[in-house]
Amino acid sequence: MKIIADTHTHTIVSGDAHSTLLENLQAAKARGLQFLCVTEHVSSIPRAAPPAYFKSMCSIPRSYDGVQIARGVEANILDYTGKLDMPDDILDWLDWVIASLHDLVIAPATKAEHTACWLAISENPLVDVIGHCGDPRYAFDLDEVMGAFHRHGKIVEINSHSFTGRAGSRDGCRQVALACMKYDVPIVVSSDAHFVDHVGYFKEALDMLEDIRFPEDLILNADARRFEACLRGKRTQP
Ligand SMILES: [Zn+2]
Ligand SMILES: [Zn+2]
């Protein structure tokens, strides 16, 4: 199986990453990716871009040297009602919106609060992708939440960086992927690259998905036409 889009990448604009957009695009091309989603942090993360920066992404071309570019964000969830650190009009303008829980922004709470949070996010039509939700510190009721993600057309990310960069996430990601299979929730596989070497690096995620025999047709970025249709059709899903 070949992943054709890296759906979660950062550049120096994110404040905690170390490569430029051009370097990431060159790496994407060299590694045979057809799409790169640029998903910077917002300024609730120290040194990251303020919301107003994101409209300037209109200067980024739709494609560069054969790689198609999605202008995106990794928005921070600010509280357990699902409030995000980005105005709705900018979220609506962007191509690709990931919502994530980060401990720099929001401390882990109870399983009931995490569950309520993802249920609220599932009802936000401006959120496309659920960011790295296999982190056991933010455990939630998988059955309740995955049922809601299915009903509201959300995409769950299997983030390859979680396997090594977020303690305890190896089993958490596996449980999330199994629940996606059970509830027919589509996924994307991503690198969460903060340095150019990691763009297009998905090994840990792909090994786990192969191990549980995850169906390829539920992996949106395993096929160019499927991923393009997803980018075009997003937010028009129920
Ligand atoms: Zn993140
Ligand atoms: Zn990230």
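Placed above this text is the structure.
Residues numbered from 1 in each chain as written. Chains lettered and ligands numbered in written order. Predicted model: local features only at pLDDT ≥ 70, side-chain atom pairs only at ≥ 80, totals over all residues. Heavy atoms only, no water.

Asks: So what about the overall build of the protein chain? Which residues, and what values?
Replies: If you tally the helices and strands in the protein chain, you get eight helices and eight strands. Scaling as 2.2 N^0.38, a compact globule of 238 residues should have a C-alpha radius of gyration of about 18 Å, and the protein chain matches this with 16 Å. Expressed along its principal axes, the backbone C-alpha trace of the protein chain runs to roughly 45 × 40 × 35 Å. By sequence separation, contacts in the protein chain at least 24 residues apart represent 79% of the contacts at least 6 residues apart. About 10,000 Å² of surface is accessible on the protein chain, with carbon and sulfur atoms providing 52% of the total. Between the centroid of the 23 positive side chains of the protein chain and the centroid of its 33 negative side chains there is a distance of 3 Å. (Helix = DSSP H or I, 4+ residues; strand = E, 2+ residues; numbered from the N terminus. Rg over C-alpha atoms; globule rule 2.2 N^0.38 Å. Contact = heavy atoms within 4.5 Å. Areas by Shrake-Rupley, 256 points an atom, 1.4 Å probe, with all protein chains shown as cover. Lys, Arg positive; Asp, Glu negative; His and termini not counted. Charge placed at Lys NZ, Arg CZ, Asp CG, Glu CD.)

Asks: Could you give an account of the coordination of the zinc ion (ligand 2), with specific residues and numbers?
Replies: Protein-derived ligands of the zinc ion (ligand 2) are His-8 (NE2), His-10 (NE2), Glu-74 (OE) and Asp-192 (OD), with the metal-ligand distances lying across 2.0 to 2.3 Å. Because the angles between the four donor atoms bound to the zinc ion (ligand 2) fall within 79 to 169°, the donor set is best described as irregular. A separation of 3.4 Å is found between the zinc ion (ligand 2) and the zinc ion (ligand 1), both of which receive a donor from Glu-74. Highlighted residues: Glu-74 in strand S4 (residues 67–76) and Asp-192 in the loop between strand S8 (187–190) and helix H7 (203–211), separated in sequence by 118 residues. (Donors = N, O, S within 2.8 Å, 3.2 Å for Na, K, Ca; no water. Tetrahedral: all angles 85-135°; square planar, octahedral: opposite > 155°, others 65-115°.)

Asks: Break down unusual backbone geometry for me, citing the residues and quoting the values.
Replies: With a phi angle near 50°, Asp-65 is a residue other than glycine that sits in the positive phi range. If you trace the backbone, Asp-65 turns up in the loop between strand S3 (63–64) and S4. Backbone geometry places Arg-213, a non-glycine residue, at a positive phi of 55°. Tracing the backbone shows Arg-213 in the loop between H7 and helix H8 (224–233). Judged by relative accessible area, which is 72%, Arg-213 ranks as exposed. (Buried < 20%, exposed > 50% of the residue type's maximum accessible area, 1.4 Å probe, protein only.)

Asks: Residues and numbers for helix H6 (residues 169–183), please.
Replies: One full turn of an α-helix is made of 3.6 residues, so residues set three or four places apart face in the same direction. If you check H6, its first and last C-alpha atoms are 20 Å apart, about what 15 residues at 1.5 Å a residue would give, namely 21 Å. For H6, the complete set of buried residues consists of Ser-169, Gly-172, Cys-173, Val-176, Ala-177, Ala-179 and Cys-180. Buried residues of H6 fall within an arc of 160° about the axis and therefore sit on the same side. For H6, the elements touching its buried residues are helix H4 (142–151), strand S7 (155–159), helix H5 (162–165), S8 and H7. (Expected span 1.5 Å × (residues − 1). Arc of directions from axis to C-beta.)

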